[in-house]
Amino acid sequence: MIKRILIIGLGSIGKRHLRIARELNPEADIRVLRHQKCSYTPEYSDGCFFSIEQALVFKPQLAVIANPANFHMGKAQPLAEIGTHLLIEKPLSISTDGIEQLIETCRKNKIVLLVGYNLRYLPSLKKFRDLLRENIIGKIFSVRGEIGQYLPTWRPDTNYKESVSARRDLGGGVLLELSHEIDYMRWIFGEVDWVKASLSKQSNLEVNVEDTAHLILGFDSLSNNENQLIGSLNIDFIRHDKTRLCTVIGETGTLRWNGVTEKVELFEINSKEWCELYQYEQHRDDTYILEWKHFLDCVENQQTPIVNGIDGLKVLNIINAARQASKYKKQCKVLEGKNMGSNSI
């Protein structure tokens, strides 16, 4: 039974994790680690800490790290050293510094390290992946992904200029903030071998990060594809028509996932219109609840999570390659970290 839980960060995602943690662990002692002192106890919690030293004395069995990404490693490493299982929100960090050390500590201490790419739990995306693996459109020729939403309307209750998304020092910019797309593309289509990219600030938004990224990705060959699979991914903070799509063109048709409507659609040879194959009516907390249940199950049964520290590191390696490709205007190889193996037993 989980008796002690720590939530680090109390922004919108931290509050969500706190609420879900309480729903799933009603008897647990749940504490929040905050960077600023406050005189009240946050709803769903049993109290606050204001330093990592206080939190370490608490000896949490589980911790969710949901503060800005530039602070993730500084909290994760000491918690891993005392045996705390970790759910770290995406991205794992703003750079690869310290990540291999964290993965090795988790492996040595038999700790679950789960990275918060919660789209992997989305039924519509899982259905899309399953259909592709069943060769519903035959040989895959091309992959095209895109996501965009106007940053000022993303979190209407906050000033976008002060948000993590808008600030380079906190790990903002479209590549890190919308790295879900990079994670699910490598999950579905295989590891990324190389990247070409153009990163830029195209709008008048008051941010000091890239608000637009255009990536060309070369995947390791799939089993049904003799040539290297090439994908494109367009990411932005500037479009007013909220969009999340992945379109796969194949030998016998086209399969499309719409992450806004939660539909999977097929356009077959000689067809004149799209055919809806699947739709999921998503509720806001669904994927986070599934993620939490998976986290708890991994801890209880000593299993490796479906999105582990190595996955988080690989996403950052792709982002680093994209930055280099944009800076030097050339195709860049995606570097691989050390072969760390599984990060839990």
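Anything mentioned here points back to the structure above.
Overview of the structure. Small disclaimer: the values here were computed from a predicted structure and weren't measured. (Residues numbered from 1 in each chain as written. Predicted model: local features only at pLDDT ≥ 70, side-chain atom pairs only at ≥ 80, totals over all residues. Heavy atoms only, no water.)

Attention now goes to the overall build of the chain. Along its length, the chain carries ten helices and 15 strands. For a compact globule of 345 residues, the expected C-alpha radius of gyration is about 20 Å, and the chain comes in at 20 Å, within 12% of that figure. Along the first, second and third principal axes, the C-alpha atoms of the chain reach 65 × 45 × 40 Å. Taking contacts inside the chain between residues at least 6 apart in sequence as the whole, the part at least 24 apart equals 67%. Split by element, the accessible area of the chain, about 16100 Å² in all, is 46% carbon and sulfur. (Helix = DSSP H or I, 4+ residues; strand = E, 2+ residues; numbered from the N terminus. Rg over C-alpha atoms; globule rule 2.2 N^0.38 Å. Contact = heavy atoms within 4.5 Å. Areas by Shrake-Rupley, 256 points an atom, 1.4 Å probe, with all protein chains shown as cover.)

Right, let's get into the sheet that holds strand S14 (residues 275-279). Spatial ordering of the open sheet is given by S14-S13-S12-S11-S7-S10-S9-S8-S15, a layout of nine strands whose pairing is mixed. Unpaired on one side and paired on the other, S14 and strand S15 (332-333) mark the two borders of the sheet. The pairing of strand S11 (residues 243-250) with strand S12 (residues 253-258) spans six bridges and is antiparallel. Its bridge partner being in S12, Thr247 is matched across the sheet by Arg256. (Pairing = 2+ DSSP bridges.)

Let us now look at the packing of aromatic side chains. If you walk through the whole model with that rule in mind, you get six aromatic pairs. Here Trp292 and Phe295 contribute two aromatic rings whose centre-to-centre distance is 5.9 Å and whose plane-to-plane angle is 70 degrees, an arrangement assigned as edge-to-face. Placement of the pair is Trp292 and Phe295 together in helix H9 (residues 286-301), with a separation of three residues, close to one helical turn. With relative accessibility at 0%, the residue Phe295 sits in the buried group. (Phe/Tyr/Trp six-rings, centres within 6.5 Å; stacked < 30°, edge-to-face > 60°. Buried < 20%, exposed > 50% of the residue type's maximum accessible area, 1.4 Å probe, protein only.)

Attention now goes to the sheet that holds strand S5 (residues 85-89). With respect to topology, six strands assemble into an open sheet ordered S3-S2-S1-S4-S5-S6, the strand pairing being parallel. Two strands close off the open sheet at either side, each with one partner strand: strand S3 (48-49) and strand S6 (113-116). Here helix H3 (residues 72-81) sits on the sheet and contacts strand S1 (4-8), strand S2 (29-33), strand S4 (62-65) and S5; the angle it forms with S5, its principal contact strand, is near 170 degrees. (Axes fitted to C-alpha atoms, helices over the stretch in contact; angles between N-to-C directions.)

Within soluble globular proteins, side chains that are nonpolar generally end up buried alongside one another. In terms of nonpolar packing, the biggest core is built from 104 residues, with Leu86, Phe128, Phe189 and Val195 touching the most fellow members. When near neighbours in sequence (up to four residues on either side) are disregarded, Leu86 contacts Ala63, Ile65, Ala76, Leu79, Ala80, Leu102, Cys106, Ile111, Val112, Leu113, Leu114 and Phe295. (Core = buried A, V, L, I, M, F, W, Y, C linked by side-chain atoms within 4.5 Å.)

In short, the description is geometric, and any link to function would need to be established separately.
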